[in-house]
Amino acid sequence: MQKLSEHFLELIRRASTILPEDVRKAMEDAAVREGKSSSAGSTLLKMLENATEAEKTSTPICQDTGTLVFYVHYGPEYRQKAIQDAILEATADATARYYLRPNAVDPVTGKNSGNNIGNGLPYIHFDQGEKPGLSIRLMLKGGGSENVGAQYKLPDSNLGAGRDLEGVRRCAIDAVFQAQGKGCGPGTIGLGIGGDRGTAFLESKEQLFRALDDRNPDSLLAELEDRLYRELNELGIGPMGFGGKTTVLGVKIGTRHRLPACYFVSVSYICWAYRRASMILKEGKVSYD
Ligand code: SF4
């Protein structure tokens, strides 16, 4: 039986080098809409060409392989510590094999750990279930797109944003407008409404694990996702800020119950190099997606 760390290494390789199918399809459709002679269309086609080459050669889609964000769901036959150790081993191995760039820098000394392992890195969220098996979702979130994320505290008089979904809508439009060409668009927007400052951001990032073509089970949020997708693409910012009809590929919204005194809206933005992969290990058999 293969070691857990070997499965995780393959998961990281896939996340770093293979653009997920739904993202590729959304970019291909956008390229057709924009037309290949336009700046937007040719930029999207170049990105897709780059992604194809990366997959063929098993090299990273982008030089910034980002922060590793793991969500682990495990059954009673697993020990959390063993999974964590295997993730760390695979992360160091993936860095040595150049699937990952060394991206863990000590904020005090400025020293790079050299293997993507550091305080709080990689980020691993564990969740134990009662059924046997192990499933892991991994996202690689680039630094440029992380820089354009934002958090709002409502009400916000500058935006005319109150504590309601209209206020949330105004925050999302403002965040994408402020990003203007930074963060390597077209982006996908994860919104976390409520919670506290920390959990609102967690929620917004978790939303980015959803497939682009899924449907929010909450009809009010689904409606807002559709509306924002339309309105953000009417801003005209376009891929890499070159103008066009494709500013975002998707908008995903989740909520957490909040304190009566607080109303946070967190916006996580992920770039076109929207790298995520997942694996399931059950009865000794592994499958990747
Ligand atoms: S924002 Fe994304 S595409 Fe741009 S450099 Fe960072 S990881 Fe790469």
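Quick caveat: nothing in here was measured; it's all calculated off a predicted structure.

Chemist: Explain the site of the ligand here, please?
Modeler: All residues adjacent to the ligand are Cys62, Asp64, Gly66, Gly142, Gly143, Gly144, Ser145, Gly183, Cys184, Cys271 and Ala273. Within the shell around the ligand, the residues separate by chemical class into four nonpolar, six polar and one charged. Both domains that meet at the shell around the ligand, namely domain 1 (4–14 + 61–142 + 275–288) and domain 2 (144–270), each give it at least three residues.

Chemist: I would appreciate a short explanation of the sheet that holds strand 3 (residues 134–141) in the present structure.
Modeler: Strand pairing within a sheet occurs via backbone hydrogen bonds; the two strands may be parallel or antiparallel. The five strands lie next to each other as 2-1-3-8-9, forming an open sheet whose pairing is mixed. In the strand order of this sheet, the two ends are held by strand 2 (123–128) and strand 9 (285–288), each with one partner. On average, each strand axis in the sheet is tilted by 15° relative to the strand beside it, whichever way the strands run. Sheet analysis places strand 3 next to strand 8 (residues 275–282), joined by seven bridges and oriented antiparallel. By the bridge assignment for strand 8, Arg137 is matched with Ser278. Packed on one face of the sheet, helix 1 (residues 4–17) meets strand 3, strand 8 and strand 9 and runs near 155° to strand 8.

Chemist: Would you explain the pairing of strand 3 in this entry?
Modeler: For a regular strand, side-chain orientation follows a simple rule: the groups alternate between the two sheet faces. The sheet contact formed by strand 1 (residues 67–74) and strand 3 spans eight bridges and is antiparallel. The residue bridging Leu68 from the neighbouring strand is Leu140, located in strand 3.

Chemist: Looking at this structure, I do not really get the domain arrangement of the protein. What am I missing?
Modeler: If you check the domain split of the protein, you get domain 1 (4–14 + 61–142 + 275–288) and domain 2 (144–270). Placing the centre of domain 1 and that of domain 2 at their C-alpha centroids yields a distance of 26 Å. Secondary-structure elements contributing two or more residues to the side of domain 1 that touches domain 2 are strand 1 and strand 3. For the side of domain 1 that touches domain 2, the element with the most residues is strand 3, which contributes three residues. Tallied by class, residues from the side of domain 1 that touches domain 2 come to three nonpolar, one polar and four charged.

Chemist: Can you help me understand the environment of Asp85 in this one?
Modeler: By secondary structure assignment, the location of Asp85 is in helix 4 (residues 80–96). The sequence separation of Asp85 and Gly118 amounts to 33 residues, and the corresponding C-alpha distance is 13 Å.

Chemist: Can you walk me through the nonpolar core in this structure?
Modeler: The nonpolar side chains of soluble globular proteins are, as a tendency, buried together. Counting residues in hydrophobic clusters, the biggest one holds 69 residues, and the most contacted among them are Ile12, Leu138 and Ala172. Contact partners of Ala172, with chain neighbours within four places excluded, come to Ile189, Leu191, Leu228 and Val267.

Chemist: Help me understand helix 6 (residues 165–179) in this model?
Modeler: Spacing of three or four residues puts side chains on the same side of an α-helix, whose turn is 3.6 residues. Here helix 6 contains 15 residues, and its C-alpha end-to-end distance of 21 Å stays within 8% of the 21 Å for a straight helix at 1.5 Å per residue. Turning to helix 6, the residues buried within the fold contact strand 4 (150–153), strand 5 (187–194), helix 8 (219–233), strand 6 (248–256) and strand 7 (264–270). Among the residues trailing helix 6, Gln180 stands out with phi positive, at a value near 25°.

Chemist: What's the story with the sheet that holds strand 4 in this structure? I'm lost.
Modeler: Strand order in this open sheet of four strands is 4-7-5-6, and the pairing throughout is mixed. Edge positions in the sheet fall to strand 4 and strand 6, since each of these pairs with one other strand and no more. Taken pair by pair, the neighbouring strands of this sheet meet at an average axis angle of 15°, ignoring direction. Across six bridges, strand 5 lies against strand 7 in antiparallel orientation.

Chemist: Looking at this structure, I do not really get the packing of helix 6 against helix 8. What am I missing?
Modeler: A pair of packed helices is captured by two measures, namely the crossing angle of their axes and the spacing between those axes. Where helix 6 contacts helix 8, the axes come no closer than 11 Å and their chain directions differ by 30°. Once helix 6 is placed against helix 8, the crossing between them reads as right-handed. Within the contact between the two elements, helix 6 uses Leu165, Arg169, Ala172, Ile173 and Val176 and helix 8 uses Leu220, Leu224, Leu228, Glu231 and Leu232. For the contact of helix 6 with helix 8, the class distribution of residues is eight nonpolar, no polar and two charged.

Each value, and the rule that gives it
Residues numbered from 1 in each chain as written. Predicted model: local features only at pLDDT ≥ 70, side-chain atom pairs only at ≥ 80, totals over all residues. Near = placed C-beta within 6 Å. Nonpolar A, V, L, I, M, F, W, Y, C, P; charged D, E, K, R; others polar. Domains from an automatic or database assignment. Pairing = 2+ DSSP bridges. Helix = DSSP H or I, 4+ residues; strand = E, 2+ residues; numbered from the N terminus. Axes fitted to C-alpha atoms, helices over the stretch in contact; angles between N-to-C directions. Contact = placed C-beta atoms within 7 Å. Core = buried A, V, L, I, M, F, W, Y, C linked by C-beta atoms within 7 Å. Buried ≥ 20, exposed ≤ 12 C-beta atoms within 10 Å, placed from the backbone. Expected span 1.5 Å × (residues − 1). Left-handed = near helix turned anticlockwise from the far one by under 90°.

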